[in-house]
Amino acid sequence: MTPAGLAVRYLVSRPALNLLTALGIAVGVSLVIAVATLSTSAQKSTQEIAGGYQLLVAAKGSPAQSVLSTLFFMEPPTGNIPTEIYDELRADPGAQVIVPFNFGDSYRGHPIVGTTKDYRSVIEAATGRQPVTTPLNRWAEAPFEAVLGATVARQTGLRVGDTFTALHGFVELPKDLSEDHAHSPYTVVSILEQAHTPADRAIFTTLESIWITHAENPHLMNGPVATRSEAAPQEGTNEHQHEEEAAHQGHDEAREAGEDAHARTPVRGARITSLLVHGRSYADVARLVAALGQKESVQAIYPGRVATQIMGYMRTGEAVLLALAWLSIVIACIAVMISLLAASIERRRQIATLRAIGAPRSVIFRVLFIEAGVICVLGSLAGAALGRLTARVIAAKIEATSGFHIDLLALGTTELITVMSAVGLGLIAGAVPAYLACREDVTKQLAPAS
Amino acid sequence: MRTFAEMSEAPDMIRMSDVKVEFRAGGRSFTLLDIPNLNFRRGATFGLSGPSGSGKSTLINLISGLIRPTSGTVCVDGVIISDLSQRRRDAFRAERIGIVFQSFNLIPALTARDNVALAMGFSGKIPPHQRAEKAAELLDRVGLRKRMLHKPAALSHGEMQRVSIARAIANRPKLLLADEPTASLEPGLTVTIMDLLVSVAREDGATLLVASHDPQVLARMDELVELPSTNRAGIAP
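Residues numbered from 1 in each chain as written. Chains lettered and ligands numbered in written order. Predicted model: local features only at pLDDT ≥ 70, side-chain atom pairs only at ≥ 80, totals over all residues.

With that out of the way, let us pick up the overall build of chain A. The secondary structure content of chain A amounts to 14 helices and 13 strands. By sequence separation, contacts in chain A at least 24 residues apart represent 78% of the contacts at least 6 residues apart. (Helix = DSSP H or I, 4+ residues; strand = E, 2+ residues; numbered from the N terminus. Contact = placed C-beta atoms within 7 Å.)

Laid out in C-alpha cells, this is it:
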C-alpha cells in the first residue's frame, strides 16, 4: 500500500471531521472567489456600460448620482437641464451622437425613460451588437409609445399592443400615496431582446411623452415649466413660480411637439434630464466640456472616469471583504493543522508501528501531508464551485433588485490563484503535524503496557 | 540457561559486543543496557527474560535498529546495523526483521489483509500486484483467511495477534522479534499463539527472539537468556 493509499484510508476512517475541515476551506475559498469574481465582473460591466460614451451632461450635483441615474437607472437624477443645451449640442458639428434622457415616471418599479432612437447606440456600445426588438426595428416614435426592456416584459407580463399607466416617481408606492398619469396611457409597441444591460429593466418612450405627461401635471415636474421664449431658464432648480401659468400652455404645445420627436423647439416648459454625448474627436469632447463648463447649473462628466471612481469606492469595501475571506482561509488552514495534529497524536502508536515495520520517516510525513493535501484540494475545489455559485446567485439578485447586470467572467486566474493559494497554505499547515509525526520517538510509543 | 560467554561462541544471527545504551536526564547519565558480549544463534528460538526494567524491550529495539547503542556494536545477519543511517536501518528492518507487539499494533483503518500487505510495501520484496494474494496466504497460514476483510475492531485479541504474526512474517524475515506477545491475550490463548509463532519461525527458518515474563512462553523457546538485574538502569557517573 502506498502512502497515498494509506492516507485515503485514514481520511475515510474519520469522514465527518475531515469533511468539516474541508468545508472550512471551502467556505473561505468561496468567499474569496465570490467577492473577487463579483467585483471584477462588476467593474468590467460598469466600464462597458459607462465607457461607451465620452460625455454625460446633467444638472449640477453628484457626478456619481448622474452616472448611476442616466446609465444605470439606479438613482434619481440630480435635476433637469434646459432643452437649449440639447439644441446647442445638436447644432455642434463636434458632437457625433447625442442621446437625451428624461426621467420622472415609472411603471411597477421600472423607470420610464424618455429618449430617442439613439438610445440603441448606448445598448450597442455596452453589448457590442445592435439591440433587437420584437417587432424588428420598432422603436417608440410617437408620444406614449413604449418599448419594454426584456425584464420589464417578463415581470409585468405586458405584450405588444397592451397599454399601461405610469406612476409619477421612481418607486412604486401604495395607491393612496402615488400619483398616476391615468390620462396618458402608454401602448407597448415593441419589446427589446435581453441585452444584460440596465435597458432590460427600463421602459423607453419618446421625450415628448414625458413632456406631455408632466405638462398635464406641471406640479410633477422636477424643474419649473417655462416657455422657451422665457429663455435662460432656471436650470435644474425647483422654483415653482411659473408652474401654474405655464401648465395650460405647455399641455397644448406638448401634444403638438409629439408629432416631431426630434423637433429643435420642444414643447413649452420642456426639460431634459441628461445627455450622453459622443464626440467626433477627443479634441471636440474637450472643447464641449470647456463650453459646458461655462454654463450655470450644468455639469459635463466623463462617465468612464466617474465609473472608475465609483469602482474605487467599491474597491475599499472589496478589500475589506477579501481580507476577511483570506483570513477565513488562513483560519481554515490552521484548522487543518489542528485536525492533523490531533490525528497524529491519536495515531502515535500506529505511526510508531509503521516505523517499526520498516516505514521510513518520509512515508509518515507523506501520509499526513497527503491527507492535508486531499482535504485542501477537495475543500478548495468545492469552494471554487461554491464561490461561482454564490457569485451567480448574488449577481442574479442584484440584477433582479437593481437591474444592474453583472456579466460574470469566465473561470480564470482568480479561481486558479485562490485555489492554488488555499492548497498551498493548507499544505504548509499540514506539513507541521506531518513533520512532528515523523520525528516522534518510536520506542516510547511501542513500549509494552506495564 | 546459557551465559553471555557461551552464547558468543555459537554460530550467530545477532552479535553484540560492548553495547551500552545510556540516556541523560537532569544532567546525569543513566545506563539502560550494558552488554559486554551477546550472540544469538541463527535459526534458533530464544526466550529473553529478566525483571522489569532490565532492558528487554531496549534490547529488542536495539536489535531491530529502532535505536542505536550509545557505544558498542550490534551486528544482525552480518550487517552492523549500529553503524547504519536511520534510513538504511529502516530498510534493513523492513527486509529482514519481523516484529510482533504486545498490543498487536494493527492499523485500525485497514483490513486484516491490508495490515499484512502494508508491511510488504516497505520492503519492496513482493511486487504490488501480488501483495493482496500473498497477504491472504499468510492469513490462511495463521488460520484467519475467513476474517481477512475484517478490520481490527471486528477481531478478537487472539485474532489480532494472529494478524500481527502474519504481518511480521510478511517479508519472510530472517529474524523475528516479539516483545511480550502474549501479555495482552487471555491466558488460554498464550499456548496457541506461542505455538503459532514458534512454528512459523521454524517453517521459515527464522531466528525468533521473544521477550517475556511468562514461563509458559519461555518454556517453548530453544534457549533462554536472562538479562542480569545489573542492567536495571544502573546509574553511572
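It is worth spelling out the overall build of chain B at this point. Broken down by element type, chain B carries 8 helices and 10 strands. The C-alpha atoms of chain B give a radius of gyration of 18 Å, which matches the 18 Å a tight globule of 237 residues would have. Projected onto its principal axes, the C-alpha positions of chain B cover 55 × 40 × 40 Å. Here chain B, with 237 residues, has 49% of them falling under the buried criterion. (Rg over C-alpha atoms; globule rule 2.2 N^0.38 Å. Buried ≥ 20, exposed ≤ 12 C-beta atoms within 10 Å, placed from the backbone.)

Let's shift gears to unusual backbone geometry. All names here are of chain A. Following Thr 134, the chain continues into Pro 135 via a peptide bond in cis, with omega recorded as -5°. Considering the arrangement of structural elements, one finds Pro 135 in the loop between strand S5 (133-134) and strand S6 (145-148). The backbone of Asn 137 shows a phi angle near 55°, a positive value even though the residue is not glycine. A count of 12 C-beta atoms within 10 Å places Asn 137 in the exposed class. Of note, the phi angle at Ser 297 is positive, near 65°, even though the residue is not glycine. By the element assignment, Ser 297 lies in the loop between helix H9 (282-293) and strand S13 (298-301).

This part takes up the sheet that holds strand S3 (residues 45-49) of chain B. Residue and element names in this part refer to chain B. Within the open sheet, the 5 strands sit side by side as S6-S7-S8-S3-S9. Their pairing is parallel. The open sheet has two edge strands, strand S6 (97-100) and strand S9 (223-226), and neither has a second partner. For this sheet, the mean inter-axis angle between neighbouring strands, taken without regard to orientation, is 20°. Of the strand pairs in this sheet, S3 and strand S8 (residues 207-211) are connected by 4 bridges, and their pairing is parallel. Bridge pairing links Phe 46 to Leu 209 in S8. (Pairing = 2+ DSSP bridges. Axes fitted to C-alpha atoms, helices over the stretch in contact; angles between N-to-C directions.)

To continue, consider the pairing of strand S4 (residues 71-76) of chain B. All names here are of chain B. Of the pairings in the sheet, the one linking strand S1 (residues 12-25) to S4 comprises 5 bridges and is antiparallel in character. Its bridge partner being in S4, Ser 17 is matched across the sheet by Thr 73. The pairing of S4 with strand S5 (residues 79-80) spans 2 bridges and is classified as antiparallel. In the strand pairing of S5, Val 76 is matched with Val 79. Hairpin connection between S4 and S5: a loop of 2 residues separates the two successive antiparallel strands, and Asp 77 in this loop has a positive phi of roughly 50°.

Attention shifts here to the environment of Cys75(B). Residue and element names in this part refer to chain B. In this structure, Cys 75 sits in strand S4. Residue Cys 75 is classed as partly exposed on the basis of its C-beta count, with 18 C-beta atoms lying within 10 Å. Spatially, the C-alpha atom of Cys 75 lies 8.1 Å from that of Ile 63, the residues being 12 residues apart in sequence. Residue contacts for Cys 75: discarding those within four places in its chain leaves Arg 15 and Ile 80.

Moving on, we get to helix H7 (residues 189-204) of chain B. Helix length check: H7(B), at 16 residues, gives a terminal C-alpha distance of 23 Å against a target of 22 Å (1.5 Å per residue), a fit within 8%. The positive-phi residue at the C-terminal boundary of H7(B) is Gly205(B), with phi of around 70°. (Expected span 1.5 Å × (residues − 1).)

In this complex, chain A contributes 20 residues to the contact, which on the side of chain B involves 31 residues. Ranked by the residues each element gives to the side of chain A that touches chain B, the list is headed by helix H11 (residues 348-356) of chain A, at 4 residues. Looking at the side of chain A that touches chain B residue by residue, the class counts come to 11 nonpolar, 7 polar and 2 charged. (Nonpolar A, V, L, I, M, F, W, Y, C, P; charged D, E, K, R; others polar.)

Those residues of helix H3 (residues 86-96) of chain B that sit buried are Arg89(B), Asp90(B), Arg93(B), Ala94(B) and Arg96(B). The secondary structure elements touched by the buried residues of H3(B) are helix H2 (56-64), S6, helix H4 (112-123) and strand S7 (175-179) of chain B.

All names here are of chain A. As for its position among the elements, Cys 376 is in helix H12 (residues 361-402). Along the backbone, Cys 376 and Thr 21 are 355 residues apart, and their C-alpha atoms lie at a distance of 8.5 Å. Excluding residues within four positions of it along the chain, Cys 376 makes contact with Ile 25, Val 336, Ala 422, Val 423, Gly 426 and Leu 427.

Turning next to the confidence of the model for chain A. Summing up the model confidence of chain A, the mean pLDDT is 81 and the portion of residues at 70 or higher is 84%. Scored below 50 in pLDDT, residues 218-265 of chain A makes 95 contacts in the model with residues more than four places away or belonging to other chains. (pLDDT = per-residue confidence, 0-100.)

What follows covers the packing of H4(B) against helix H5 (residues 128-141) of chain B. The axes of two packed helices give the description: the angle between them and the distance between them. Residue and element names in this part refer to chain B. Contact geometry for H4 and H5: axes closest at 8 Å, N-to-C directions at 115°. Helix-helix and strand crossings are classified by hand; for H4 and H5 the assignment is right-handed. The residues of H5 that touch H4, namely those facing Ala 112, Arg 113, Val 116, Ala 117 and Met 120, are Arg 131, Ala 132, Lys 134, Ala 135, Ala 136, Leu 138 and Leu 139. Split into classes, the residues belonging to the contact of H4 with H5 amount to 9 nonpolar, no polar and 3 charged. (Left-handed = near helix turned anticlockwise from the far one by under 90°.)

Bringing the nonpolar core into the picture now. The biggest cluster of nonpolar side chains holds 190 residues, and the ones touching the most others in it are Val57(A), Leu148(A), Leu275(A), Val277(A), Val116(B), Leu139(B) and Leu197(B). Take this core: its biggest share by element is 15 residues, from helix H2 (residues 15-50) of chain A. In this structure Val277(A) touches Tyr53(A), Gln54(A), Leu55(A), Val57(A), Leu89(A), Ala95(A), Ile98(A) and Leu288(A), once residues within four positions along its chain are discounted. Counting residues in hydrophobic clusters, the runner-up holds 5 residues, among them Leu207(A), Ile210(A), Ile212(A) and Ala270(A). (Core = buried A, V, L, I, M, F, W, Y, C linked by C-beta atoms within 7 Å.)

All right, on to the packing of helix H6 (residues 157-168) of chain B against H7(B) then. Residues and elements named next belong to chain B. At a minimum axis distance of 11 Å, the contact between H6 and H7 shows a crossing angle of 10°. By the angle between their axes, H6 is roughly parallel relative to H7. H6 and H7 meet at a crossing whose hand is right-handed. Facing Gly 158, Gln 161, Arg 162 and Ile 165 of H6, the residues of H7 in contact are Leu 189, Thr 192, Ile 193, Leu 196, Leu 197 and Val 200. (Parallel < 35°, antiparallel > 145°, perpendicular 65-115°, else oblique.)

For residues with low pLDDT, the predicted coordinates do not support detailed interpretation. All names here are of chain B. Of all residues in chain B, 92% have pLDDT values of 70 or greater, and the mean over the chain is 85. Note on residues 232-237: pLDDT is under 50 here. Beyond four places in sequence and across chains, it has 13 contacts. As scored by the predictor, the complex reaches a pTM of 0.73 and an ipTM of 0.87.

Residues and elements named next belong to chain B. Relative to the elements of secondary structure, Leu 155 occurs in the loop between H5 and H6. Taking the C-alpha atoms as reference points, Leu 155 and Leu 175, 20 residues apart in sequence, are found 27 Å from one another. If near-sequence neighbours (up to four positions away) are discounted, Leu 155 is found in contact with Ala 112, Arg 147, His 150, Met 160 and Val 163.

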